[in-house]
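Breakdown of the fold
Here are the chains, one letter per residue:
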Amino acid sequence: MPSRSRPADVATTDARRAHAARTAAQDLLAVDDLTIAFEGGAGRPLTVVEGVSLRMSAGGSLGLVGESGSGKTIFCRALLGTLDRHGARVVRGTLTYKGRDFGRASERVWRRIRGSEIAYVPQSSLASLNPVLTVAQQLTSVIRLTEEARGHGRTDLRRRALALLESVEIPRAEQVLDQRPIHLSGGMRQRVVIAAAIARSPSLLVADEPTTALDVRVQRRILDLLGSLRQRLGLALLLVSHDLAVIEEMCESVAVMYAGSIVEMGRREQIMSDPKHPYTDGLLSATIGSDGGREPIPGEVPNVGAWPDGCKFWPRCPLTRWLGGGSPRPECHSGERPSLRVVVGRSSACLFAEAMDGRPTIVAHGDGSGTP
Amino acid sequence: MTDEIRGCGIDVVFGHGGTAVHAVKGADVVVGSDEIVGLVGESGSGKTTLGRVLAGFQRPTVGEVRLNDKEVASARRDMSRRTHREIQMILQDPYTSLNPSQRAWECVAEVLHVCHGLSAVEARREAVQQLGQVGINPVQAQHFPRQLSGGQRQRVSVARALAARPRFLVADEPTSSIDQSAQAQVLRLLDVIRRERSLGILFITHDLRVVRHIAQRVYVMFKGEIVEADSTSHIFGHPSHPYTASLIEAIPGRRVRAEIIDTRAQA
């Protein structure tokens, strides 16, 4: 167990840790109080992800949503053990996969996990495929790493690559095998990337904005494919997106990330129809909107290193202003970061989550009745 | 005076002989002032090419572009500089369309100087002020494109386009590379400038969801042809072409689709 140098609440921390260890054993993935920092140039580490805790069971699906710059991608990097390539590291907390903490594991350890246990589908399929190799060459290089492929000849590897392409529903798979990424459409390339990701039968697939650059109809097919692969292979899916509508489509649970922290987490139905954090509410208005159109969230995500005190969302929060009669409530902008607590069956980090019900129509979505 | 820009029987063919690509086939489009018109289709459907023809960046192979019933571009004639200024274009990726070595205010000031002959001092002051109108504050106006977020960059390119004081905007996928909240910001901004300046906007996108709230009319383009043209509510309520129906089916999000089905039931 990595020790944490925080004097206060040792007993509760121990109890929490014990509890975390117990439940972590049953979960596929258990992230506890994960805090990630960039090695700052001035010698001071710059926190990018702060105190993130979440759980995923085998075969489960979790959507991670938030605006650009909220820390979603760097969190994914932690799950793949590639933080150091981006000059970041885990400074606190644990990342337990199948009962073992990998938070500070070495590259050698990660090499056994990455791809074979936790696989990755990035946003840019063009950047993640090697432009000079054929699809067959790229896939067989991955297949060669699997246990079962030991001692198999070239024809056999090619046959497996073909089967993989067919499993991601690529038409004319035989032809595609001999093509290079540049010859394939965006949707086809993303299928090839997914084929490579599932080649080693991972248990967890981390998909970071897998359909963002694609046309809606292609996006639909890729989402359908991810859904059917999940079912067929019993894969757990962590889907990262800025689009709540995509997450709603694909995931049973939703975690909302803002400025490096999770501000609300719960089952899809709860989050989509009855948000208990003003940020989630804002995302819903921006994504789905109502007859009045889509309402942007005022302001911008604060830069790393310039996070405000108290609740990180207060400078943009309409709820705290409404409650404070125009100016933000002092509880929101001073003191400690509010932590997640249970509010109507899900967790929310809003101090005034209960007041969300009575709020005026700061949000344009909802049932459209516009009741204040 | 209400303005109108019209593409009449536009055909665009790239290349010759056996390898020729017929990108746009007999397209008729019209955008009036004070309206946002959606042009929806997927990659390769010819929507960008058609948009470029209207903005005068691409000469049509057949057909002509008419501004207030006067021919301004055709197979034989490039658009004049003067007209070109009237029809500005915004591109999908502001990162590649903004000059990386220019600060936000500089790229707007340049347009003010070239198009309206403002002095350097005036242009700078005016640029900062115009950036303010799209929600870029004076501090951000000093930034280079790489220091701005995707949404901010897109707003800078909107400000740059508006600096020429156009009557029409062709917006090519201006929201495709930014997150949902920034999208909502840009959509709102375009709707506001449409109203304030009686601007006509052709909004090109692959995502019907984007034009749902802001476009009064929508053209659906498929394999180079316009297969459907109607009011937005009618297109959502009663898509007549199977391709349009498949675009609506593909819209992500149960709630959005439920709402659409709801409007259909009411219709």
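Residues numbered from 1 in each chain as written. Chains lettered and ligands numbered in written order. Predicted model: local features only at pLDDT ≥ 70, side-chain atom pairs only at ≥ 80, totals over all residues.

Examining the overall build of chain A
To keep it simple, the criterion reads: Here a helix means four or more residues in a row that DSSP labels H or I, a strand means two or more in a row labelled E, and each is numbered from the N terminus. Our exposure labels follow a C-beta count within 10 Å of each residue's own C-beta, placed from the backbone: buried means 20 or more other C-beta atoms, exposed means 12 or fewer, and partly exposed covers the counts in between. Contacts are defined on C-beta atoms placed from the backbone: any two residues whose C-beta positions lie within 7 Å are in contact.
The helix and strand tally for chain A stands at 14 helices and 12 strands. Counting only residues that meet the buried cut, chain A has 48% of its 372 residues in that class. Counting contacts in chain A only where the partners sit at least 6 residues apart, residues at least 24 apart contribute 64% of the total.

Overview of the overall build of chain B
A count of helices and strands for chain B gives 12 helices and 10 strands. Along the three orthogonal principal directions, the C-alpha set of chain B runs to about 55 × 50 × 40 Å. When the 267 residues of chain B are sorted by exposure, 49% land in the buried category. Within chain B, contacts between residues at least 6 apart in sequence are counted, and of these 65% link residues at least 24 apart.

Considerations on the interface of chain B and chain A
Note the following rule: Three classes are used, and their members are as follows: Ala, Val, Leu, Ile, Met, Phe, Trp, Tyr, Cys and Pro are nonpolar, Asp, Glu, Lys and Arg are charged, and the others, Gly among them, are polar.
Listed by partner, the interface residues are 24 residues for chain B and 26 residues for chain A. For the side of chain B that touches chain A, the elements supplying multiple residues, two or more each, are helix H8 (180-197), helix H11 (242-249) and helix H12 (254-266) of chain B. Per-element accounting of the side of chain B that touches chain A gives the leading share, 6 residues, to H8(B). Across the side of chain B that touches chain A, the residue classes tally to 8 nonpolar, 10 polar and 6 charged.

A few points about the packing of helix H5 (residues 135-143) of chain A against helix H6 (residues 154-167) of chain A
All names here are of chain A. Note the threshold: To define axes, lines are fitted to C-alpha atoms, for helices over the stretch in contact only, and angles between the resulting N-to-C directions are given on a 0 to 180 degree scale. Relative orientations are named as follows: roughly parallel for angles under 35 degrees, roughly antiparallel for angles over 145 degrees, roughly perpendicular for angles from 65 to 115 degrees, and oblique for any other angle.
At a minimum axis separation of 9 Å, H5 and H6 run at an interaxial angle of 105 degrees. Accordingly, the angle class assigned to the pair H5 and H6 is roughly perpendicular. Of the residues in H6, those in contact with Ala136, Leu139, Thr140 and Ile143 of H5 are Leu157, Arg158, Arg160, Ala161 and Leu164. A class-by-class count of the residues in the contact of H5 with H6 yields 6 nonpolar, 1 polar and 2 charged.

Here's the deal with the nonpolar core
Short version of the rule: By convention in this section, buried Ala, Val, Leu, Ile, Met, Phe, Trp, Tyr and Cys residues joined through C-beta atoms within 7 Å make up a nonpolar core.
By size, the foremost hydrophobic cluster in this structure holds 182 residues, and its most contacted members are A:Val256, B:Val108, B:Leu131, B:Leu202 and B:Phe203. Excluding residues that lie within four positions of it along the chain, B:Leu202 makes contacts with B:Val31, B:Val37, B:Leu39, B:Gly51, B:Leu54, B:Val170 and B:Ala171.

A word on unusual backbone geometry
All names here are of chain A. Positive phi outside glycine occurs at aspartate 33, with the angle close to 50 degrees. Structurally, aspartate 33 can be placed in strand E1 (residues 29-38). Even without being a glycine, valine 344 presents a positive backbone phi close to 40 degrees. Turning to its location among the elements, valine 344 is positioned in the loop between strand E11 (341-343) and strand E12 (346-348).

Side note on helix H1 (residues 47-54) of chain B
All names here are of chain B. Counting buried residues in H1 gives 8 out of 8 residues, a clear majority hidden from the surface. Where H1 is concerned, the buried positions are Lys47, Thr48, Thr49, Leu50, Gly51, Arg52, Val53 and Leu54. Where H1 terminates, the next one or two residues include glycine 56, which has phi positive at roughly 80 degrees.

A few points about the pairing of strand E2 (residues 21-32) of chain B
Residues and elements named next belong to chain B. Just so we agree on the cut-off: A pair of strands is treated as paired once DSSP finds two or more bridges between them.
Of the strand pairs in this sheet, strand E1 (residues 4-14) and E2 are connected by 8 bridges, and their pairing is antiparallel. Bridge pairing in E2 links isoleucine 5 to valine 31. Hairpin connection between E1 and E2: a loop of 6 residues separates the two successive antiparallel strands, and glycine 15 in this loop has a positive phi of roughly 80 degrees.

With respect to the confidence of the model for chain A
Residue and element names in this part refer to chain A. Formally: Confidence per residue, as judged by the predictor, is encoded in pLDDT with a range of 0 to 100.
With 89% of its residues at a pLDDT of at least 70, chain A reaches an overall mean of 88. Of all the helices and strands in chain A, helix H1 (residues 10-26) carries the lowest mean pLDDT, 59, while strand E9 (residues 253-258) carries the highest, 98. Low pLDDT, under 50, characterises residues 1-10; the stretch is placed with 5 contacts to residues that sit more than four places away or in other chains. Contacts of residues 362-372 to residues separated by more than four positions or lying in other chains number 22 contacts, the stretch itself having pLDDT below 50.

Considerations on the sheet that holds strand E8 (residues 236-241) of chain A
All names here are of chain A. Sheet architecture is open: 8 strands sit in the order E6-E7-E8-E3-E9-E10-E12-E11, paired in mixed fashion. One side of each edge strand has no neighbouring strand; the edge strands of this open sheet are strand E6 (118-121) and E11. In this sheet, neighbouring strand axes are inclined to one another by 25 degrees on average, regardless of whether the strands run parallel or antiparallel. Of the strand pairs in this sheet, E11 and E12 are connected by 3 bridges, and their pairing is antiparallel. Opposite valine 343, over in E12, you have arginine 346 as the bridge partner. Packed on one face of the sheet, helix H2 (residues 72-80) meets strand E3 (61-65), E6, strand E7 (204-208), E8 and E9 and runs near 150 degrees to E7.

Thoughts on the sheet that holds strand E7 (residues 168-172) of chain B
Residue and element names in this part refer to chain B. Spatially, E6-E7-E8-E3-E9-E10 is the arrangement adopted by the 6 strands of the open sheet, whose pairing is mixed. Only two strands of the sheet have a single neighbouring strand rather than two, namely strand E6 (87-90) and strand E10 (225-231). Adjacent strand axes in the sheet meet at a mean angle of 20 degrees, parallel and antiparallel pairs treated alike. When E7 meets strand E8 (residues 200-205), the two strands line up parallel, connected through 5 bridges. From the neighbouring strand, aspartate 172 faces E8, where its bridge partner is isoleucine 204. H11 rests against strand E3 (35-40), strand E9 (217-222) and E10 of the sheet, and its axis sits at about 105 degrees to E9.

Concerning the pairing of E10(B)
Pairing geometry for E9(B) and E10(B), over 6 bridges, is antiparallel. Looking at the pairing, B:Phe222 lines up with B:Glu225 of E10(B).

Quick look at the packing of helix H4 (residues 104-116) of chain B against helix H7 (residues 150-163) of chain B
Residue and element names in this part refer to chain B. Stated formally: When the near helix sits turned anticlockwise from the far one by under a right angle, the crossing is termed left-handed; a clockwise turn instead gives a right-handed crossing.
Their axes nearest at 8 Å, the elements H4 and H7 cross at an angle of 15 degrees. The orientation of H4 relative to H7 falls into the category roughly parallel. Where H4 crosses over H7, the two elements pack in a sense that is right-handed. Here H4 contributes Ala104, Cys107, Val108, Val111 and Leu112 to the contact with H7, which in turn contributes Val156, Ala159, Arg160 and Ala163. Tallied by class, residues from the contact of H4 with H7 come to 8 nonpolar, no polar and 1 charged.

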